[in-house]
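Okay, here's what each chain looks like letter by letter:
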Amino acid sequence: MFNALLIEKTAAGDQTVQLRPLSDAQLPEGDVTVRVAYSTLNYKDALALTGKAPIVRHFPMVPGIDFAGTVEHSDTPAFLPGQDVLLNGWGVGESHWGGLATRARVKAEWLLPLPAAFSARQAMALGTAGYTAMLCIRALQRQGITPQSGEILVTGATGGVGSIAVMVLARLGYAVVAVTGRMEEAPFLKDLGAHDVIPRQYLESMTRPLEKARWAGAIDVAGGQLLAAVCASILPYGVVAACGLAAGMDFPATVAPFILRGVTLVGIESVSCPVEERRAAWQDLAALVDVKKLDALTTEITLADAPKEAEALLSGKVRGRLVVKLDS
């Protein structure tokens, strides 16, 4: 038996979330069974737990798009019992039972060896948020954006993706401008490496097709009008990496930034990202992340805490990262 958060649908169509004991026989098909040590709460996990977006594809579902732990059983030589592994994405927690449980069974090709630089807890302090932040940074680098190019804007900077992006960009020598709706968190963001912190309202006030050009690049987790404002204020030939929709799925912009300033908008997709790019992103994180700063932006919670913390995360009340400790 193992413990898990289980999302179910009632006959009336309502969603319920319960901490339940389940049997190994109920686990879905897969090549590898993992004893989960830590999971985490991302924005998508919070949407799944609260039912505020149709993240879950079928019911019942164990949520959790990330986990790190130790292989218990394997039907493939690619992973051996006792090996430490991690997983991000691949539809886990959406269409396949995920990491908010003390045990998971998945396809071997979805797993990566746990980088030696990180403990399971640290890997989940990064999780999909940190891995996505690194994919965004790598996209800026591929497009030729260097520290000498100019300032880099990061929206949602106190959240998971944003806080790790600020930390890693600063480590790489970029001048980071952090955007937040909670200016009282400016000292926290400056400790992470931001050289300037501006209120979200600064971007929300922008409505013109082209605004004063300031940023050489940007990492945007918001979407919606904020993304439109970011694109309108990018320097000529600058680059925006877009990876989220916290402010909405719409994009009320014009083509002006793209055809008059040569701005590039790069979409970041982390769920089905090729294994080679995943490995490279995690190698970069292992080389660049300051684990002391990572620990400082991480809060540990229990499996039972996760539904309540999911509400707080969606309300913008969570700073940094939430890791979920699983009791074996």
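Each remark here, short or long, concerns the structure printed above.
These numbers were taken from a predicted model, which means no experiment stands behind them. (Residues numbered from 1 in each chain as written. Predicted model: local features only at pLDDT ≥ 70, side-chain atom pairs only at ≥ 80, totals over all residues. Heavy atoms only, no water.)

> Sorry if this is basic, but what is going on with the overall build of the chain here?
When helices and strands are tallied, the chain shows 10 helices and 15 strands. Taken over the C-alpha trace, the chain has a radius of gyration of 20 Å; the compact-globule value for 328 residues is 20 Å, and the two agree within 12%. C-alpha atoms of the chain, sized along the principal axes, occupy 60 × 45 × 35 Å. Scored against the burial criterion, the 328 residues of the chain give a buried share of 54%. A sequence separation of at least 24 residues applies to 70% of the contacts in the chain between residues at least 6 apart. On the chain, roughly 13400 Å² of surface is accessible, and the fraction owed to carbon and sulfur atoms is 53%. (Helix = DSSP H or I, 4+ residues; strand = E, 2+ residues; numbered from the N terminus. Rg over C-alpha atoms; globule rule 2.2 N^0.38 Å. Buried < 20%, exposed > 50% of the residue type's maximum accessible area, 1.4 Å probe, protein only. Contact = heavy atoms within 4.5 Å. Areas by Shrake-Rupley, 256 points an atom, 1.4 Å probe, with all protein chains shown as cover.)

> Explain the pattern of salt bridges to me, please; I cannot follow it from the model alone.
A pair can form between side chains of opposite charge whenever their charged atoms are brought close. Going through the model one piece at a time under the given rule, you end up with 18 salt bridges. Between Arg57 and Glu94 there is a salt bridge whose closest N-O contact spans 4.0 Å. Here Arg57 is found in the loop between helix H1 (43-50) and strand E4 (66-74), whereas its partner Glu94 is found in the loop between strand E5 (84-88) and strand E6 (103-106), with 37 residues between them in sequence. Judged by its relative accessible area of 57%, Arg57 falls in the exposed class. Note that Glu72 is salt-bridged to Arg103, the shortest N-O span being 2.9 Å. Remark: Arg103 occurs in strand E6 and Glu72 occurs in strand E4; sequence separation between them is 31 residues. (Salt bridge = Lys/Arg side-chain N within 4 Å of Asp/Glu carboxyl O.)

> Got a minute to help me understand helix H2 (residues 120-142) in this structure?
Since the α-helix advances by 3.6 residues per turn, residues separated by three or four positions end up pointing in the same direction. The largest bend in H2 comes to about 65 degrees, at Gly127. Buried residues dominate H2, accounting for 20 of its 23 residues. Two residues or fewer past H2, Gly144 is found with a positive phi of approximately 90 degrees. (Bend = angle between axes of the 7 residues up to and from the residue.)

> Could you clarify how one ought to interpret the packing of H2 against helix H3 (residues 160-171) in this entry?
Two measures define how a pair of helices packs: the angle their axes make with one another and the distance between the axes. Between H2 and H3, the least distance of the axes is 8 Å, while the angle of their chain directions is 55 degrees. Relative to H3, the element H2 is oriented oblique. Here the hand of the crossing between H2 and H3 comes out right-handed. On H3, the residues that touch Ala125, Leu126, Ala129, Gly130, Thr132, Ala133, Met134 and Ile137 of H2 are Gly160, Val161, Ile164, Ala165, Val168 and Leu169. For the contact of H2 with H3, a count of residues per class yields 11 nonpolar, three polar and no charged. (Axes fitted to C-alpha atoms, helices over the stretch in contact; angles between N-to-C directions. Parallel < 35°, antiparallel > 145°, perpendicular 65-115°, else oblique. Left-handed = near helix turned anticlockwise from the far one by under 90°. Nonpolar A, V, L, I, M, F, W, Y, C, P; charged D, E, K, R; others polar.)

> Which parts of the structure should I look at to understand the pairing of E5?
Look at any regular strand and the pattern is simple: side chains alternate between the two faces of the sheet. Of all five residues in E5, four are buried, a share of seventy percent or more. Both E4 and E5 contribute to a ladder of five bridges, which runs antiparallel. The residue of E5 that forms the bridge with Ala68 is Leu86. As judged from the three bridges shared by E5 and strand E7 (residues 111-113), these two strands associate in the antiparallel manner. Residue pairing in the sheet places Leu86 in a bridge with Leu112 of E7. (Pairing = 2+ DSSP bridges.)

> Would you explain the sheet that holds strand E9 (residues 176-180) in this entry?
The strands making up a sheet associate through backbone hydrogen bonding, with each pair oriented either parallel or antiparallel. If you trace the six strands from one edge of the open sheet to the other, you get E10-E9-E8-E11-E12-E13, paired in parallel fashion. Each having just a single partner strand, strand E10 (196-199) and strand E13 (264-267) make up the two edges of the open sheet. Strand-to-strand, the axes of this sheet are offset by a mean angle of 20 degrees, without reference to chain direction. As defined by bridge partners, strand E8 (residues 152-154) adjoins E9 across three bridges and the pair is classed as parallel. Pairing of Ile152 across the sheet is with Val176, part of E9. In the packing of H3 onto the sheet, contacts are made with E8, E9 and strand E11 (215-220), and the angle to E8 comes to roughly 160 degrees. Strands in contact with helix H6 (residues 224-232) are E8, E11, strand E12 (234-242) and E13; relative to E12, the strand with the most contacts, it is inclined by about 150 degrees.

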